[in-house]
Amino acid sequence: MTRLPQGAGGFDLNALMKQAQQMQADMAEAQERLKEETVDASAGGGVVKVKMSGDLRLLEIAIDPEAIDPVDAELLQDMVLAAVNEAIRAAQDLAASKMGGVSGLGGAGGAGGLGGLGLPGM
């Protein structure tokens, strides 16, 4: 195996590449696990309920039959929209919490970043 030369400052490019490959594998695994997780959201006091996967797939919408008023369809549309948007936000929060631990980019505004890979400030 050809060994990559050490870069300026003495860091080992081979070790850097191995760390990057491991991080990529960890992120791919975390993304696969997100497909298995779900979040629930509701609007209108639970009149409209939405279930979404961690990878932002809409899985289920449940509407209380009492909310179906042909005269006021706009209110129902607004509740569905609100519930879906809340589910998306919750799924994005879930993904950020799961992926942040893998990438080192979560937490305090990305503090830490890729510094563990010898790339400070990224």
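Residues numbered from 1 in each chain as written. Predicted model: local features only at pLDDT ≥ 70, side-chain atom pairs only at ≥ 80, totals over all residues. Heavy atoms only, no water.

Visitor: What exactly am I supposed to notice about the nonpolar core here?
Guide: What tends to happen in soluble globular proteins is that the nonpolar side chains get buried as a cluster. With 20 residues, the main nonpolar core has Val39, Val48, Val50, Met52, Leu76 and Met79 as its most contacted residues. Counting only elements with at least two residues in this core, the list comes to helix H1 (13–36), strand S1 (38–43), strand S2 (48–53) and helix H2 (73–103). (Core = buried A, V, L, I, M, F, W, Y, C linked by side-chain atoms within 4.5 Å. Buried < 20%, exposed > 50% of the residue type's maximum accessible area, 1.4 Å probe, protein only. Helix = DSSP H or I, 4+ residues; strand = E, 2+ residues; numbered from the N terminus.)

Visitor: Hey, could you run me through the sheet that holds S2 in this one?
Guide: For sheets, the rule is that strands pair by backbone hydrogen bonds, running either parallel or antiparallel. Spatially, S1-S2-S3 is the arrangement adopted by the three strands of the open sheet, whose pairing is antiparallel. Two strands bound the open sheet, and with one partner strand each, they are S1 and strand S3 (58–63). Adjacent strand axes in the sheet meet at a mean angle of 15° when their direction is disregarded. (Pairing = 2+ DSSP bridges. Axes fitted to C-alpha atoms, helices over the stretch in contact; angles between N-to-C directions.)

Visitor: Can you help me understand the pattern of salt bridges in this one?
Guide: Where charged atoms from two side chains of opposite charge come close, those side chains can pair. By the definition in use, this model includes six salt bridges. The salt bridge involving Arg57 is made with Asp55; its shortest N-O contact spans 3.2 Å. Relative accessible area serves as the criterion here: at 42%, Arg57 is assigned to the partly exposed category. Taking the shortest distance from any N to any O, the salt bridge between Arg89 and Asp93 comes out at 2.3 Å. Of the two residues, Arg89 and Asp93 are both situated in helix H2; the distance of four residues between them amounts to about one turn of the helix. Judged by relative accessible area, Arg89 falls into the partly exposed class, the value being 38%. Beyond isolated ion pairs, a larger network of salt bridges with shared partners links Glu86, Arg89 and Asp93. (Salt bridge = Lys/Arg side-chain N within 4 Å of Asp/Glu carboxyl O.)

Visitor: It is not clear to me how a negative patch on the surface should be interpreted in this structure. Could you clarify?
Guide: On the surface, a cluster of negative charge is contributed by Asp69, Asp72, Glu74 and Asp78. Among the secondary structure elements, Asp72 is positioned in the loop between S3 and H2. On the basis of relative accessibility, which here comes to 34%, the residue Asp72 falls in the partly exposed class. (Patch = residues over 30% accessible without salt bridge, like charges linked within 9 Å, V, L, I, M, F, W, Y side chains within 5 Å. Areas by Shrake-Rupley, 256 points an atom, 1.4 Å probe, with all protein chains shown as cover. Lys, Arg positive; Asp, Glu negative; His and termini not counted. Charge placed at Lys NZ, Arg CZ, Asp CG, Glu CD.)

Visitor: What is the right way to look at the pairing of S1 in this model?
Guide: Residues in a regular strand point their side chains to alternate faces of the sheet. The alternating pattern of S1 places Val39, Ala41 and Ala43 on a buried face, while none of Thr38, Asp40 and Ser42, on the opposite face, is buried. Where S1 meets S2, six bridges bridge the pair, whose relative direction is antiparallel. Residue Ser42 lies in a different strand from S2, and its bridge partner there is Lys49. The loop that links S1 with its antiparallel partner S2 comprises four residues; one of these, Gly44, has a positive phi angle of about 65°.

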